Amino acid sequence: MDISTPNTGATANYRRSKRLLKNHESLVALFQVSADIIVAVALLYLFTSFKMDEFPAAYRVLAVLSSFCIWFIYSSRGVYRQSSDYLRGCLRLTGAWAMMLLLLSLIGFITKTSEIFSREVLLVWAVSILIAQNASYCLVSYCSKKYKENYERNLPTLVIGTGSVAQHLVESLNKNRWLPDKVVGCLKSLDKDETESVSGVKVLGGLENIRSLIKEYDIRRIYIALPMKASEQIDGLNIDLLDMNVDVIWAPDIFALNLINHSVREVAGIPLISINESPLTSSRISMVMKEIMDRSLAAIGLVLLSPIMFWVAYKVKKSSPGPVFFKQDRHGWDGKVIKVWKFRSMKLHAEENGEVKQATKEDPRVTEIGKLIRRTSLDELPQLINVLQGTMSLVGPRPHAVAHNDYYSDKINAYLARHRIKPGITGLAQISGYRGETETIDKMEKRVEYDLAYINNWSLGLDVKILFKTPLSLLSKDIY
């Protein structure tokens, strides 16, 4: 956000450089994604022709489908739009390629076409593309870095602030291969602040030295990384620096707020900060991919797990009088009440005064088969039906009973923010040790903390990681 006077030349230069930065990033991203698609198709043609002396129609369809998947996944995840070191960039690229292969595998499984392809060709192709893409990424990154070092004039930059936003800002500015900004130092806004360096950059003193430092280091740009409550101080800085011919940019520290999937955009040039946007509406492309993965895996899971589910249903029916399935009202996406399916693990009973009591150790209401299916979470398997219905996801915050939500909503900050996405069969809290009974407020607070962390850091890769780790969490001994 530029807070300098709109008519100054410095502001105009900043806006032009900002547009230029976006153009550079877009061109390089477009070039690298296009190159990846060309290499992927070329290598598939080469390996297939070498193996079969032809390029069959099925492989031509795979080439077209792979091209769309690479473009779709790499663009939506911003694989080439994020500046980072070689290792992180390669890991990000590897994750996107693995996601692409997973999506192709799901399509092949659903359409029953995976058997017509040569596993040898596909394996060599997958490994070769991964190596080629990482090599291309490292080469382009190295050339960009050398170009910046040898031909681009750096803009000496100061950062005002020493907090977490300032640290992230310093690191990002100095590592970004397109921005000319070179942070030469930071300034502390409070006298009691004893920080000596920020992300390897020296703290040069307090705000009283700012004018002399601008002249000493020939500063051309200043970033203010202070909280929003310091707006009066920021306005004073802006006025004080109008005659220094420097760009002044405010990077507001909004992270002290309890944010949910925040994002920044603009409307008619006015910057807007969304502080509780639902991920389901902020990135429709990614959520469509999540929906496809959820419903595909749920359908596959119901087929593969049907023998176990029939066995559990038989045991539940024999354990005590009552239905096999238990449907409970729980809050779903945006707080709407949904019916969550479970295998009945308790004897039929009436809740006292309408209060929903959580199961406890040696709870007399739990049947013998109920103890087993609760400990192993087999009682949750019918929720695959909820996933197919679209009321739940495979991964997300666990849905709590309506009565529990009413109880905790006024005791835990941002508790109801869990409903900003679909609830899940498993989640980050469950694989992090907060599964089963939450008999204290502290335990529920930790569960909510992990749920909000999942919402803020959501990705398909995180979903896959949680799904793989879920079986290990079932070994917990604290489930009743």
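What you are looking at is a predicted structure, and each value in this text was computed from that prediction instead of being measured.

### Observations concerning the side chain of Gln32
So, point 1. Here Gln32 lies in helix H1 (residues 9-52).
So, point 2. Apart from residues lying up to four places away in sequence, Gln32 is in contact with Tyr80, Ser136, Tyr137 and Val140.

### Overview of the sheet that holds strand S2 (residues 181-188)
So, point 1. Read from one edge to the other, the open sheet built from six strands follows the order S3-S4-S2-S1-S5-S6, with strand pairing classed as mixed. For this open sheet the edge positions go to strand S3 (197-198) and strand S6 (247-250), each flanked by a neighbour on one side alone.
So, point 2. Running over the sheet, helix H5 (residues 164-175) touches strand S1 (155-160), S2, S3, strand S4 (201-206) and strand S5 (221-224) and is turned about 160° from S2.

### Remarks on the pairing of S2
So, point 1. With six bridges joining them, S1 and S2 adopt parallel strand pairing. When the sheet's bridge partners are listed, Thr157 is paired in S2 with Val183.
So, point 2. Pairing analysis gives two bridges linking S2 to S4, with the strands arranged parallel. The residue bridging Lys188 from the neighbouring strand is Gly206, located in S4.

### Side note on the packing of helix H10 (residues 306-319) against helix H11 (residues 368-375)
So, point 1. At a minimum axis separation of 9 Å, H10 and H11 run at an interaxial angle of 145°. Between H10 and H11, the contacting residues are Trp311, Val312, Lys315, Val316 and Ser319 on the first element and Ile369, Leu372 and Ile373 on the second.
So, point 2. Of the residues that constitute the contact of H10 with H11, the class distribution is six nonpolar, one polar and one charged.

### A look at the nonpolar core
So, point 1. Of all hydrophobic cores here, the largest spans 59 residues; its most connected members are Tyr74 and Tyr454.
So, point 2. Considering each element in turn, this core owes the most residues, nine residues, to helix H3 (residues 86-111).
So, point 3. The contacts of Tyr454, once residues within four sequence positions are left out, are Lys290, Val395, Gly396, Pro397, Ile421, Leu428, Leu462, Asp463 and Ile466.
So, point 4. Counting 20 residues, the second-largest nonpolar core is a separate cluster that includes Ile160, Ile224, Ile234 and Leu241.

### A few points about the environment of Val464
So, point 1. Along the chain, Val464 turns up in helix H16 (residues 460-473).
So, point 2. On the basis of relative accessibility, which here comes to 22%, the residue Val464 falls in the partly exposed class.
So, point 3. With near-sequence residues (within four places) excluded, Val464 lies in contact with Leu102 and Met293.

### Considering the packing of aromatic side chains
So, point 1. This model, assessed by the stated rule, comprises six aromatic pairs.
So, point 2. On the basis of an interplanar angle of 80° and a centroid distance of 5.0 Å, the ring pair of Tyr59 and Phe117 is categorised as edge-to-face. With Tyr59 in helix H2 (residues 57-77) and Phe117 in the loop between H3 and helix H4 (119-151), this pair connects stretches of sequence that are 58 residues apart. Of the two residues, Tyr59 and Phe117, neither departs from the other in class, the shared state being buried.
So, point 3. Judged by centre distance (5.4 Å) and plane angle (15°), the rings of Phe325 and Phe343 are stacked. With Phe325 in strand S9 (residues 325-331) and Phe343 in strand S10 (residues 337-343), this pair connects stretches of sequence that are 18 residues apart.
So, point 4. Each member of the aromatic cluster is reached from another via a ring pair, and the members are Phe325, Trp341 and Phe343.

### Notes on unusual backbone geometry
So, point 1. With a phi close to 55°, Lys112 is a non-glycine residue in the positive phi region.
So, point 2. Take Lys112: it is sitting in the loop between H3 and H4.
So, point 3. In this structure, Ser199 takes a positive phi of about 50° despite not being glycine.

Conventions adopted
Residues numbered from 1 in each chain as written. Predicted model: local features only at pLDDT ≥ 70, side-chain atom pairs only at ≥ 80, totals over all residues. Heavy atoms only, no water. Helix = DSSP H or I, 4+ residues; strand = E, 2+ residues; numbered from the N terminus. Contact = heavy atoms within 4.5 Å. Pairing = 2+ DSSP bridges. Axes fitted to C-alpha atoms, helices over the stretch in contact; angles between N-to-C directions. Nonpolar A, V, L, I, M, F, W, Y, C, P; charged D, E, K, R; others polar. Core = buried A, V, L, I, M, F, W, Y, C linked by side-chain atoms within 4.5 Å. Buried < 20%, exposed > 50% of the residue type's maximum accessible area, 1.4 Å probe, protein only. Phe/Tyr/Trp six-rings, centres within 6.5 Å; stacked < 30°, edge-to-face > 60°.

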